[in-house]
Amino acid sequence: MTSLADVAVIGGSGLYALLDDAEEHVLDTPFGAPSDPVTVATVGGRRTAFLPRHGKDHRFPPHRIPYRANLWALREIGVRQILAPCAVGGLRPELGPGTFVVPDQLIDRTSGRVQTFYDTGAVHVNFADPYCTDGRAVVKKVAAEHGIDTHDGTMVVVEGPRFSTRAESRWYTAMGGAVVNMTGHPEAVLARELALCYTSIALVTDLDAGVEGDHGVTMDEVFAVFAANTERLRKVLLDVVPALPELPDDPCQHALDGMPV
Ligand code: ADE
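Everything numeric in this text was worked out from a predicted model, so none of it was measured.

Undergrad: Whenever I open this one, the site of the ligand confuses me. Can you help?
TA: Every residue lining the ligand is accounted for by Ala-87, Val-88, Gly-89, Phe-163, Val-180, Asn-181, Met-182, Thr-205, Asp-206, Asp-208, Val-217 and Val-222. Ala-87 is positioned with one of its backbone polar atoms (N or O) 3.4 Å from a nitrogen atom of the ligand. One of the side-chain nitrogen or oxygen atoms of Asp-206 is found 2.6 Å away from a nitrogen atom of the ligand. Look at the ligand: alone it shows 260 Å² of surface, and the protein chains cover 96% of it. Secondary structure elements with two or more residues in the shell around the ligand: β5 (81-90), β10 (177-181) and β11 (197-207). Across the shell around the ligand, the residue classes tally to 7 nonpolar, 3 polar and 2 charged.

In structure tokens form, the structure reads like this:
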């Protein structure tokens, strides 16, 4: 397929559309259909794709998202760099609702999700640093230009769809987690397995159950806080896209060098 886009945004809960005047492409992959048709438009001179992770009617819960189809479809249309906004719970009191975190590490607490494209052969990608260094730097710089302070930190990804118990939540904090969510994995590793740059942009929608004084998490709260911050997030994303390096030569793009694929 000819290249349709080189950057993609995978929208999370509450971000079901991003691009104006977009063309829609219905795609299929060896792993089935992606969550929805992919829309494509030009943003600041860059051909940009958008895919709502849960489908635009939010029909896929986190454990049912077709992660492999989503990543494969984006790669097929030429995408090399992915921006992945998502809703997260804060695991520390200072990371309250409305805070932006640009995760630098990930802890996988999911279970039973397929997390590889390679079922044969010795393909073992380096995942020591799961997020794109270039992408993270651009997001942090652009957010600062919008007057938004960003935090670094480790994202713990849980299986869901339930929220965590207080004991689990305290354990994640003790393990070094800054934020917790349900969709950050296997998306990040599947991007790495296709040698794509992948940058997560985590918007804190709630304090998780183990944070002192909090009442436990409700879905209504998560959606309300996300909705209140969607416009800010949208503006940052649309300015990040043209600021990404045109030909990234960072380690993500070389993740498969020397592998039998
Ligand atoms: N997504 C948003 N808030 C969350 C939380 N507290 N736990 C897991 N996923 C979330």
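Undergrad: It is not clear to me how helix α4 (residues 184-193) should be interpreted in this structure. Could you clarify?
TA: It helps to recall that an α-helix has 3.6 residues per turn; residues three or four apart then point in one direction. In terms of burial, α4 is largely enclosed, as 10 of its 10 residues are buried. Looking only at α4, the buried set comprises Gly-184, His-185, Pro-186, Glu-187, Ala-188, Val-189, Leu-190, Ala-191, Arg-192 and Glu-193. The positive-phi residue at the C-terminal boundary of α4 is Ala-195, with phi of around 60 degrees.

Undergrad: Is there a simple way to think about the UniProt feature "site: Important for substrate specificity" (unreviewed entry) in the protein chain in this case?
TA: This chain's UniProt record puts "site: Important for substrate specificity" (unreviewed entry) on Ser-164 and Met-219. Despite a sequence span of 56 residues, these residues sit close together in the fold, their greatest C-alpha distance being 12.5 Å. Of note, Ser-164 is situated in the loop between β9 (154-158) and α3 (166-174). Here Ser-164 falls in the buried class, since its relative accessible area comes to 12%. For Ser-164, the contacting residues outside a window of four places in its chain are Val-158, Ser-169, Tyr-172, Asp-208 and Ala-209. Its location among the elements puts Met-219 in helix α5 (residues 219-243).

Undergrad: Looking at this structure, I do not really get the side chain of Thr-205. What am I missing?
TA: Within the secondary structure, Thr-205 is located in strand β11. For Thr-205, a relative accessible area of 0% puts it in the buried group. Of the polar contacts made by the side chain of Thr-205, one reaches the side chain of Asp-206; its length is 2.7 Å. The residues contacting Thr-205, other than those within four sequence positions of it, are Ala-87, Val-88, Pro-97, Glu-221, Val-222, Val-225 and Phe-226.

Undergrad: Please clarify how the environment of Cys-197 should be interpreted in this entry.
TA: Position of Cys-197 among the secondary structure elements: in strand β11. Given the relative accessible area of 2%, Cys-197 is considered buried. For the pair Cys-197 and Gly-89, spaced 108 residues apart in the sequence, the C-alpha separation amounts to 24 Å.

Undergrad: Help me out: how do you make sense of the UniProt feature "binding site: phosphate" (unreviewed entry) in the protein chain in this one?
TA: Mapped onto the present numbering, the UniProt feature "binding site: phosphate" (unreviewed entry) falls on Ser-13, Arg-53, His-54 and Thr-183. Over a stretch of 171 residues, the named residues converge on one spot in the fold, their C-alpha atoms separated by at most 9.8 Å. Residue placement: Arg-53 occurs in the loop between β4 (46-52) and α1 (67-76). Looking at Arg-53, the relative accessible area reads 1%, which means it is buried. Not counting the four nearest positions on each side in its chain, Arg-53 is found in contact with Ile-10, Gly-11, Gly-12, Ser-35, Ile-65, Asn-70, Ala-84, Pro-85, Cys-86, Thr-183, Glu-187 and Tyr-198. Here His-54 shows up in the loop between β4 and α1. In this view, His-54 contacts Gly-11, Gly-12, Ser-13, Ser-35, Arg-59, Phe-60, Pro-61, Pro-62, Ile-65 and Thr-183; residues no more than four positions away in its chain are not counted. One polar contact links His-54 to His-58, side chain to side chain, over a distance of 3.4 Å.

Undergrad: Could you clarify how one ought to interpret the pattern of salt bridges in this entry?
TA: If the charged atoms of two oppositely charged side chains come close together, the side chains can form a pair. Per the stated rule, a full pass over the model turns up 14 salt bridges. We note a salt bridge from Glu-23 to Arg-47, for which the minimum N-O separation is 2.9 Å. One end of the pair, Glu-23, is in strand β2 (residues 23-25); the other, Arg-47, is in strand β4, with 24 residues separating them in the sequence. Its relative accessible area of 29% is what places Arg-47 among the partly exposed residues. The salt bridge partner of Glu-159 is Arg-113, with a shortest N-O separation of 3.0 Å. One end of the pair, Glu-159, is in the loop between β9 and α3; the other, Arg-113, is in the loop between β7 (105-109) and α2 (133-145), with 46 residues separating them in the sequence. You can call Glu-159 buried: its relative accessible area is 18%. When salt bridges that share partners are traced, they join Asp-36, Lys-56, Asp-57 and Arg-59 into one network.

What counts as what
Residues numbered from 1 in each chain as written. Predicted model: local features only at pLDDT ≥ 70, side-chain atom pairs only at ≥ 80, totals over all residues. Heavy atoms only, no water. Near = heavy atom within 4 Å. Polar contact = N/O pair within 3.5 Å; in protein donor to acceptor, adjacent residues only side chain to side chain. Areas by Shrake-Rupley, 256 points an atom, 1.4 Å probe, with all protein chains shown as cover. Helix = DSSP H or I, 4+ residues; strand = E, 2+ residues; numbered from the N terminus. Nonpolar A, V, L, I, M, F, W, Y, C, P; charged D, E, K, R; others polar. Buried < 20%, exposed > 50% of the residue type's maximum accessible area, 1.4 Å probe, protein only. UniProt positions renumbered as here; feature names shortened; annotations may be inferred. Contact = heavy atoms within 4.5 Å. Salt bridge = Lys/Arg side-chain N within 4 Å of Asp/Glu carboxyl O.

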